Structures are given as C-alpha cells and as structure tokens.
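# Commentary on secondary and tertiary structure
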Amino acid sequence: MSVTTPRGFRAAGVAAGLKASGGADVALVVNDGPDAGVAGVFTTNRVKAAPVLWSEQVVQGGVVRAVVLNSGGANACTGPAGFQDTHATAEHTAAALTSVSPRLILGAGEVAVCSTGLIGERLPMPKLLPGVRSAIRGLSRDGGQAAAEAIMTTDTRPKTTVARGSGWTVGGMAKGAGMLAPGMATMLCVLTTDAVAGPDVLDGALRAATRVTFDRVDSDGCMSTNDTVLLLSSGASGIEPTPAELAAAVTAACHDLAQQLIADAEGATKQVAIDVVGAADEDDAVEVGRSVARNNLVKTALFGNDPNWGRILAAVGTTAAAFEPDEVDVAVNGVWVCRGGAAAEDRSKVDLTGRDVTIRIDLHAGTSAATIWTNDLSHGYVHENSAYST
C-alpha cells in the first residue's frame, strides 16, 4: 500500500533534523525505470513556493527519475535564495544518486522537489543535504511507508494507497491535514505506476483524476503555496493500458487519498460529503458545494450537532448558480429538513452524533451533480492553527 508497490520504484524516509520533534522529515522516491515519464498538477495560488516553481519546470521536460520531499519547512516566500536552495537540493540529489547507481545517470532537471511546513523561512541546507544522502543509502522496495511518514506535518497518520490494473499497479502517498482547498491539488502527493505510459497520457489521467477528487476537497477554504501532485511511470510491467483504464486507476487512488485527507483534517469531528444534484451544469454544482463547505456557520453548526438547514440554504444563495430559491430541497443525513425553500421534516429527526455527515442539496435546475468533501469547524482546529508558527 505505497509508492513502492508498483515495480520499478524504491523509496526511503529519514530524520535529518528539520523537525524540532526529531521525527522523519526527508523522503525520497526513485524511479528505476526502464521509463521515467511524469505528469504534475500544482497549486493555483499566485504565491508559489520555490519547489513548486522548480518542479513545474522539471515536469515540462517530461522526465523525472527522483522526487525529494521534506517536511519541517515550506521554502515558500523565501525569494531568490530559496529558489537556489531548491536548485541545490535537486543538483545534490542527482549527483549523489548517480554516484551510487551508475545506471541512474541523471541531472538536476530530472529531480522534482517538494517541501511542506512553515512559510517564510529558508531551509537549513546543512541538515537537508546530508539527509538526502542518508535517504539514498536507505532506498528500498519496502521504503514506501517510511517515505509517507517523513512528509507528515500536522497529519496524525501517514496516507498511502494502491489501485490495481490488469498486470499493472498504481501506488501513492500523500500528506495534508490543513490548508486544504481546491486548486488542482491540495497537498503533497506522489503517485507511481509500473504501467507503460508517456507524459501526455499521464497528464490526461492525472488531470481527469484530480478534477473530481483532490480539487473537490475543501477542508478549510485555505489554499496552500506548496500544493503538488506528481504521477511517475516506470513502465516496468511492460503493459500499456488504455488511457481510460489508466485514468480510472489513478482516479481510484486519488479518491482514496482524498478521503484519507478529510478523515485526518485538523481538529475535525465530522467528515462531510456535500452532494449537489439537479444543477444546471457541473460548474454550478461545484460552486454550490464549495460555498456550503466553506461556510463557517454551517461548519460550526455541524460541530455542535445542529442540523441548521437555514444556514445551508443561505450559503447556497450566495452563489451565482442557476436556481429558484423556492424550489431548493435540503436533506441532512437522509432527512429532508427543507422542501421548496421552506421547513419540511422536523430537524429533530436528524442524527448527527456520528462522524459521517451527508448534506444533499437538490437545486431542481437541471441534471448535473457534484460532490464536495469537507469537515466541521471545531475547537481543535482553532487550537491547532492559533499558534502554528510558535
């Protein structure tokens, strides 16, 4: 259940001293080939971390043989010096890998870099670079779990997945528990496959998958500067699935990881699916779902086990979606508390004592639908984020 389940990949996770806790904080994923195709999606935040700017360029080349990731520092808003640190990390990784694996002769332009942690501070390179060398020494086919643990920040548990095709496999790992909001990607994620697939096919599969999974996770409405999702192909299975088959497997892997992200959202006591149906088009359905997911009054009501459907309807009304207010229906955990924009079944019938919550909104404006995943707003979330930098 990791990035090393597909053939052709090794990984490692080590402690380099970037985290005050002393925990693992540097991960490395290496593609031993024979292929080295790559696709990536990145944050749409205009404020992008140095590793995002670097990896965007690398992915355009269509070849990535290694991904080095660190927690304990985002390397965002660090200026030209921060970008040089990322470049130096890629150069160091490429040189060190080449020195121990002559068959892996690679340059810095084949190394993607990902960072996560506090924004605004440069990384301690005298710790990071030795950490990379340590990770190289620890590379193994069983190293996927250690790599997933090394990229955690406020996560309480590592997040890994596997989706199997016919003779080929997709594996993955992700981190993220806060700053989760739609923007093509919502965290750090590395996906691997031993299928034979070129960069264009990988790109199509990844974008199709993220559009309906990661891009519809909206934990707290806050978009990170470091969001990165990479898909690497080794071709080690020798099997070339159809683009549709590959997209289906990648989507399954992304969906599983997206649900793990919401389940581990900072301080959350509720895991909420907002199903919008009867929309004029998919964009309207997504807009309505996001509006409800980001509404603090809705989220605090859910934390208090209060099925306050009026707050949901008010959030729907802030959108530009096509609907008539007196035709909207709302159900909470299967109880239709609102019909035709007015009170319906007694809200006391709604059971919110469990962790899983489903809000269904029928706009009666068309046939399109979409689901947005979110969570409640709890004391724990406020506590986690009130003194993050101190």
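Residues numbered from 1 in each chain as written. Predicted model: local features only at pLDDT ≥ 70, side-chain atom pairs only at ≥ 80, totals over all residues. Heavy atoms only, no water.

### A few points about the sheet that holds strand β13 (residues 342-343)
A sheet is described by the order of its strands in space; here six strands give the open sequence β13-β12-β11-β14-β10-β15, paired in mixed fashion. Single-partner strands in this sheet number two, and they are β13 and β15 (368-375). Bridge count between strand β11 (residues 329-332) and strand β14 (residues 356-362): four bridges; the pairing is antiparallel. The residue bridging Asp-329 from the neighbouring strand is Asp-362, located in β14. (Pairing = 2+ DSSP bridges. Helix = DSSP H or I, 4+ residues; strand = E, 2+ residues; numbered from the N terminus.)

### A word on the nonpolar core
Within the largest apolar cluster, 54 residues are counted, with the highest numbers of intra-cluster contacts made by Leu-28, Val-67 and Met-173. For this core, the leading source of residues is helix α3 (residues 125-137), giving six residues. Beyond its immediate chain neighbours, meaning those up to four positions away, Val-67 contacts Ala-27, Leu-28, Val-29, Ala-112, Cys-114, Val-190, Leu-230 and Leu-232. (Core = buried A, V, L, I, M, F, W, Y, C linked by side-chain atoms within 4.5 Å. Buried < 20%, exposed > 50% of the residue type's maximum accessible area, 1.4 Å probe, protein only. Contact = heavy atoms within 4.5 Å.)

### A short note on the sheet that holds strand β8 (residues 188-193)
The mixed open sheet is built from five strands, whose spatial order is β3-β9-β8-β7-β6. Two strands in the sheet have a free side with no partner beyond their single neighbour: β3 (37-42) and β6 (159-164). Averaged over all pairs of adjacent strands, the angle between strand axes in this sheet comes to 15°, irrespective of strand direction. Bridge analysis of β6 against strand β7 (residues 169-175) gives six bridges, and the strand direction is antiparallel. When the bridges of β7 are listed, Ala-163 appears paired with Val-170. Sitting on the sheet, helix α5 (residues 199-212) is in contact with β3, β8 and β9 (228-233), with an inclination near 35° to β3. The strands touched by helix α6 (residues 243-263) within the sheet are β6, β7, β8 and β9, with β6 carrying the most contacts at an inclination of about 155°. (Axes fitted to C-alpha atoms, helices over the stretch in contact; angles between N-to-C directions.)

### Some details on the pairing of strand β1 (residues 9-14)
With five of its six residues buried, β1 lies for the most part within the structure. When β1 meets strand β2 (residues 26-31), the two strands line up antiparallel, connected through six bridges. By the bridge assignment for β2, Phe-9 is matched with Asn-31.

### Some points on the packing of α5 against α6
Any two packed helices are characterised by how steeply their axes cross, that is the angle between the axes, and by the distance between the axes. Interaxial distance between α5 and α6 falls to 8 Å at its minimum, and their mutual angle equals 40°. On the basis of their axis angle, the class for α5 and α6 is oblique. Of the two possible hands of crossing, α5 and α6 adopt the one that is right-handed. Residues Val-201, Leu-202, Ala-205, Leu-206, Ala-208, Ala-209 and Val-212 of α5 form the contact with α6, whose own contacting residues are Pro-243, Leu-246, Ala-247, Val-250, Thr-251 and Cys-254. The class makeup of the residues in the contact of α5 with α6 is twelve nonpolar, one polar and no charged. (Parallel < 35°, antiparallel > 145°, perpendicular 65-115°, else oblique. Left-handed = near helix turned anticlockwise from the far one by under 90°. Nonpolar A, V, L, I, M, F, W, Y, C, P; charged D, E, K, R; others polar.)

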